[in-house]
Amino acid sequence: MPSIPQIQIRQTYARIGIDADLGSYDMKQPRPTFELKQPAAKIEIRSHHGEMDIDQSKAWDALGRANILEVMSRIFDQTKNVVMDAIASIVDEGNQMGDIAKNKQPMIPELAKNVTVSFPQFQYAGEASYDNVDITYTARKPDIEVTPSSIELTSHPNAPEVNYTRGKLDIYMQQYNKIEITPPALDARV
């Protein structure tokens, strides 16, 4: 039996090639912005004058220029001693005149030679000293008031910065489709 010629058909399918890379993200989160303000505190200082007392009464007393009542009181206190000294001097002179028998020379002219009119020296001035002026200083503390100021804090959050870089996507034909038809061989010998 003769063979039946056959037509051969071959089909190749198309193939698509895809070359893809993933995209990339770049994310940044800036820090929040802070604004800090603090006004200067208020300070009030009130200073009071101190008091200085200078007592010169001892210095004036040492110079003999004290209060008249004080001077008279000193003279009065010394009068008894001055009178007692004067009486002792008179008694001594009387005793010298009473001993005429013992004294070979006349005592009256001798005593009369020494007679002078004088006033006793009263000590009416106070004691002189380097510390006769008393100085007293009373300091006063200043009044200090401090009014603190408040802190003003303001913060601003910053949005994140997101950048996306697309990856590559290449689509191409890796293989085209095709159909091959092969006819049978013909016998030309007929």
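As the structure is a prediction and not an experimental result, all values here were calculated from the model. Here the residue index of a chain counts from 1 through its sequence in written order. The predicted nature of this model means local features are confined to residues of pLDDT at least 70 and side-chain atom pairs, given and counted, to a pLDDT of 80 or more, with totals for whole chains, interfaces and linings taken over all residues. Just so you know, side-chain values use all the structure's heavy atoms and leave hydrogens and water out.

*Asks:* What am I meant to see in the overall build of the protein here?
*Replies:* Secondary structure follows DSSP: runs of H or I at least 4 residues long count as helices, runs of E at least 2 residues long count as strands, and numbering of each begins at the N terminus. Broken down by element type, the protein carries three helices and twelve strands. Relative accessible area decides the class of each residue, using a 1.4 Å probe on protein chains only: under 20% of the type maximum gives buried, over 50% gives exposed, and in between gives partly exposed. Across the 190 residues of the protein, 4% fall into the buried class. Residue pairs at least 24 apart in sequence account for 95% of intrachain contacts in the protein once pairs closer than 6 positions are excluded. Computed by Shrake-Rupley with a 1.4 Å probe, the accessible areas treat only the displayed protein chains as cover when residues are assessed. Of the roughly 17800 Å² that the protein leaves accessible, carbon and sulfur atoms contribute 56%. Contacts are assigned to residue pairs with any non-hydrogen atoms lying within 4.5 Å of each other.

*Asks:* Teacher, can you tell me more about the environment of Gln8 here?
*Replies:* Looking at the secondary structure, you find Gln8 in strand E1 (residues 8–12). Residues Gln8 and Pro183 lie 175 residues apart in sequence; the distance between their C-alpha atoms is 6.5 Å.

*Asks:* Help me understand the packing of aromatic side chains in this model?
*Replies:* The way to describe two aromatic rings as a pair is by their centre distance and the angle between their planes. Ring geometry is summarised as follows: Phe, Tyr and Trp rings, the Trp one being its six-membered ring, pair when their centres sit within 6.5 Å, and such pairs are stacked at plane angles under 30 degrees, edge-to-face over 60 and tilted between the two. Summed over all chains, the structure comprises one aromatic pair. Measuring from ring centre to ring centre gives 4.8 Å for Tyr25 and Tyr164, while their planes differ by 45°; the resulting arrangement is tilted. Residue Tyr25 is found in strand E3 (residues 24–28), and its partner Tyr164 is found in strand E10 (residues 161–165); the two are separated by 139 residues along the sequence.

*Asks:* Sorry, what's going on with the pattern of salt bridges here?
*Replies:* Pairing between side chains of opposite charge can happen when their charged atoms approach one another. Here, a salt bridge means any side-chain nitrogen of Lys or Arg that lies within 4 Å of a carboxyl oxygen of Asp or Glu. Under the criterion given, the structure shown has six salt bridges. Residues Asp134 and Lys58 are paired through a salt bridge, measuring 3.6 Å at the closest nitrogen-oxygen approach. Here Asp134 is found in strand E7 (residues 134–138), whereas its partner Lys58 is found in helix H1 (residues 57–62), with 76 residues between them in sequence. Using a relative accessible area of 42% as the deciding quantity, one classes Lys58 as partly exposed. If you follow the salt bridges from partner to partner, you end up with Glu44, Arg46 and Glu145 in one network.

*Asks:* It is not clear to me how the confidence of the model for the protein should be interpreted in this structure. Could you clarify?
*Replies:* Detailed conclusions should not be drawn from predicted coordinates in areas where pLDDT is low. Put simply, the protein has an average pLDDT of 82, and 84% of its residues get 70 or more. Mean pLDDT across the secondary structure elements of the protein bottoms out at helix H3 (residues 107–113), with 67, and peaks at strand E5 (residues 42–46), with 92. Scored between 0 and 100, pLDDT is the confidence that the predictor attaches to each residue.

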